[in-house]
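Residues per chain, in single letters:
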Amino acid sequence: MTHHKFKASEQKKSIVVSQRILAVVNGKGGVGKTTTAVNLAAIFAEKQQVLLVDSDPQGSASWWVDRNPDEWQLDVSREHQPDLLQNLRQIKGYDLIVVDTPPALRSQALKTVLRIADYVILPTPPAPMDLSALIETVQTAINPVEISHRVLLTKVDSRSLRESIDAQNTLIELGIPVCHAFVRSYKAHEQAVLAGVPMTQMRGKKAKDAETDYRRVADELQRDWT
């Protein structure tokens, strides 16, 4: 597995006991999967040693970081070969490994990551079509491997929160764990990609709101893990 070393803090206080692998998964593209993987990795990297693994053949996560590598406190590796991904657990020196997976349920890379991951976060917009695809992902890819997981509602329109509340209730009724926090839709997300920085490095009120959304998600995951 090829590693690209970026500026990492030399004195981070780890807040986890042992290495954890977090997979960010959805069988459908365009749902905020890479945005979620990258921003959660950046937030956790403030206090932990984090490796971001880009296993999506499109390479969006690594392309994002490569645009401005000095602004990141994590390491990134691009790898989508299943025989190499299965060795993620053997990589030492990291508290957390965040894997951005390919949006294809039949992908061998995805199946490999799910076999070794400790936790899965499933980003999805609350729209009915997206929710339907998400439910299929949970039923066909997540439930069979019995891995801890939560759905995260993304691209939420703050003007119509009713849709998100309805989506959360639908998932709860189906017995699918869902995050209390959700991620609202802001142009700041796209601007962060173009700038090659995580949301934590963006400036402006909307950018701060977008950062706060992901910090709430990170806090919720941390509570799940402790």
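As the structure is a prediction and not an experimental result, all values here were calculated from the model.

K.L.:
Quick rundown of the overall build of the protein chain? Include the residues and the values.
P.N.:
Secondary structure summary: the protein chain contains eight helices and six strands in total. Along its sequence from the N terminus, the protein chain presents helices and strands in the succession β-α-β-α-β-α-β-α-β-α-β-α-α-α. Here the protein chain has a C-alpha radius of gyration of 16 Å; the compact-globule value for 226 residues is 17 Å, and the two agree. For the C-alpha atoms alone, the extent of the protein chain along its principal axes is close to 45 × 40 × 35 Å. The proportion of buried residues among the 226 residues of the protein chain is 54%. The contacts of the protein chain with a sequence gap of at least 6 include a subset with a gap of at least 24, amounting to 80%.

K.L.:
Now, about the nonpolar core: what can you tell me, with residues and values included?
P.N.:
Counting 39 residues, the largest nonpolar core has Leu22, Phe44, Val50, Leu52, Val98 and Leu221 as the members making the most contacts within it. Those residues in contact with Phe44 that lie beyond four places of it in its chain are Val50, Leu96, Ala218, Leu221, Gln222 and Trp225. Among the nonpolar cores identified, the runner-up in size contains 33 residues, and Val53, Leu85, Ile116 and Ile135 belong to it.

K.L.:
Tell me about the pattern of salt bridges, and please be specific about residues and values.
P.N.:
The final tally for this structure, using the stated rule, is twelve salt bridges. Arg89 is paired through a salt bridge with Asp118; the nearest N and O atoms lie 3.2 Å apart. Note that Arg89 is positioned in the loop between helix 3 (82-85) and strand 4 (96-100) and Asp118 in the loop between helix 4 (108-116) and strand 5 (119-124), a separation of 29 residues in sequence. Assessed through its relative accessible area of 32%, Asp118 is described here as partly exposed.

K.L.:
How would you summarise the pairing of strand 4 if you had to cite specific residues and measurements?
P.N.:
With five of its five residues buried, strand 4 lies for the most part within the structure. Of the pairings in the sheet, the one linking strand 1 (residues 20-24) to strand 4 comprises five bridges and is parallel in character. What sits directly across from Leu22, in strand 4, is Val98. Note: strand 2 (residues 50-54) against strand 4, five bridges, orientation parallel. From the neighbouring strand, Leu52 faces strand 4, where its bridge partner is Val98.

K.L.:
With reference to specific residues and values, describe unusual backbone geometry.
P.N.:
Positive phi values are uncommon outside glycine, yet Glu146 reaches one of about 50°. Here Glu146 is to be found in the loop between helix 5 (128-142) and strand 6 (148-153). With phi around 50°, Lys155 is a residue other than glycine that occupies positive phi space. Note on placement: Lys155 falls in the loop between strand 6 and helix 6 (161-173).

K.L.:
Talk me through the sheet that holds strand 3 (residues 75-78); I want residue IDs and the actual numbers.
P.N.:
On the basis of which strands lie adjacent, the open sheet formed by six strands has the order 3-2-4-1-5-6 and parallel pairing. The strands lining the two open edges of the sheet, one partner per strand, are strand 3 and strand 6. Averaged over all pairs of adjacent strands, the angle between their axes in this sheet comes to 20°, without regard to strand direction. Strand direction decides the pairing type here: strand 5 and strand 6, joined by six bridges, are parallel. Along strand 6, the bridge assignment pairs Thr124 with Leu153. On the sheet, helix 1 (residues 33-44) packs against strand 1, strand 2, strand 4, strand 5 and strand 6 and is oriented at approximately 165° with respect to strand 4.

The rules behind each value
- Residues numbered from 1 in each chain as written.
- Predicted model: local features only at pLDDT ≥ 70, side-chain atom pairs only at ≥ 80, totals over all residues.
- Heavy atoms only, no water.
- Helix = DSSP H or I, 4+ residues; strand = E, 2+ residues; numbered from the N terminus.
- Rg over C-alpha atoms; globule rule 2.2 N^0.38 Å.
- Buried < 20%, exposed > 50% of the residue type's maximum accessible area, 1.4 Å probe, protein only.
- Contact = heavy atoms within 4.5 Å.
- Core = buried A, V, L, I, M, F, W, Y, C linked by side-chain atoms within 4.5 Å.
- Salt bridge = Lys/Arg side-chain N within 4 Å of Asp/Glu carboxyl O.
- Pairing = 2+ DSSP bridges.
- Axes fitted to C-alpha atoms, helices over the stretch in contact; angles between N-to-C directions.

None of the figures reported here should be taken as evidence of function without further support.
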